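Coordinate inspection notes
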Amino acid sequence: MDERISALMETMKSLQADTMVRAVRQAVEADPGISGREVLVLLEGLASESQRRATQARADSEPDRDVCAKCGQPVETDSSDRERWVHSSDRSRGCRAATFDPDSGWNDDIPKSWLAVPRRHRS
């Protein structure tokens, strides 16, 4: 795994541990007689909410996918610009580039001006 990704994952684990410690500290300060079972229920609730948010963030980060209205190749939204569509095969905007075949070359039937667009427009 990339060292930068590994470092970010460790940072996230540390932040999660800090969140749990703060939650337990607040619970104990509010009720010094809190039971271990009650603390466990509190931590399970925090973990469940954290997992729900992570699942939602992952789903929200997935690109929209469709077929190009111009050339018929698969297209998807660009991760840095959700309004921008690129061809899935080579991440290019141009239909001519996306349909290039090493054996037959460029498809001269496709105008150079064609850019990736989905079949149906999304709002």
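Read on for a plain summary of the structure. (Residues numbered from 1 in each chain as written. Predicted model: local features only at pLDDT ≥ 70, side-chain atom pairs only at ≥ 80, totals over all residues. Heavy atoms only, no water.)

**Considerations on the overall build of the protein chain**
- Looking only at helices and strands, the protein chain features three helices and three strands.
- The order of α-helices and β-strands along the protein chain, N terminus first, is α-α-β-β-β-α.
- Whereas a compact globule of 123 residues would reach a radius of gyration of roughly 14 Å, the protein chain reaches 24 Å, over 25% beyond that.
- Each of the three principal axes of the protein chain carries a C-alpha extent, and together these read 80 × 35 × 20 Å.
- Of all 123 residues assigned to the protein chain, the portion counted as buried reaches 20%.
- Residue pairs at least 24 apart in sequence account for 30% of intrachain contacts in the protein chain once pairs closer than 6 positions are excluded.
- Of the accessible surface of the protein chain, which amounts to about 9,200 Å², a share of 52% is contributed by carbon and sulfur atoms. (Helix = DSSP H or I, 4+ residues; strand = E, 2+ residues; numbered from the N terminus. Rg over C-alpha atoms; globule rule 2.2 N^0.38 Å. Buried < 20%, exposed > 50% of the residue type's maximum accessible area, 1.4 Å probe, protein only. Contact = heavy atoms within 4.5 Å. Areas by Shrake-Rupley, 256 points an atom, 1.4 Å probe, with all protein chains shown as cover.)

**Some thoughts on the environment of alanine 7**
- Mapped onto the elements, alanine 7 comes out in helix α1 (residues 3-30).
- Residue classification places alanine 7 among the partly exposed residues on the basis of a relative accessible area of 38%.
- As for alanine 7 and glutamine 73, which are separated by 66 residues in sequence, their C-alpha atoms are 38 Å apart.

**A short note on the pairing of strand β3 (residues 81-87)**
- Where strand β2 (residues 74-78) and β3 come together, four bridges link them in antiparallel fashion. Opposite aspartate 78, over in β3, you have aspartate 81 as the bridge partner.
- Linking β2 to β3, which pair antiparallel, is a turn of two residues. (Pairing = 2+ DSSP bridges.)

**Describing the pattern of salt bridges**
- Under the defined criterion, the tally for this structure stands at nine salt bridges.
- A salt bridge links glutamate 62 to arginine 65; the shortest N-O distance between them is 3.4 Å.
- On the accessibility criterion, glutamate 62 (40% relative accessible area) is partly exposed.
- The exposure class assigned to arginine 65 is partly exposed, which follows from its relative accessible area of 48%.
- The partner of arginine 84 in a salt bridge is aspartate 78, and the shortest N-O contact between them spans 3.6 Å.
- For arginine 84, a relative accessible area of 33% corresponds to the partly exposed category.
- It is possible to trace a salt-bridge network through shared partners that takes in Glu62, Arg65, Glu76 and Arg91. (Salt bridge = Lys/Arg side-chain N within 4 Å of Asp/Glu carboxyl O.)

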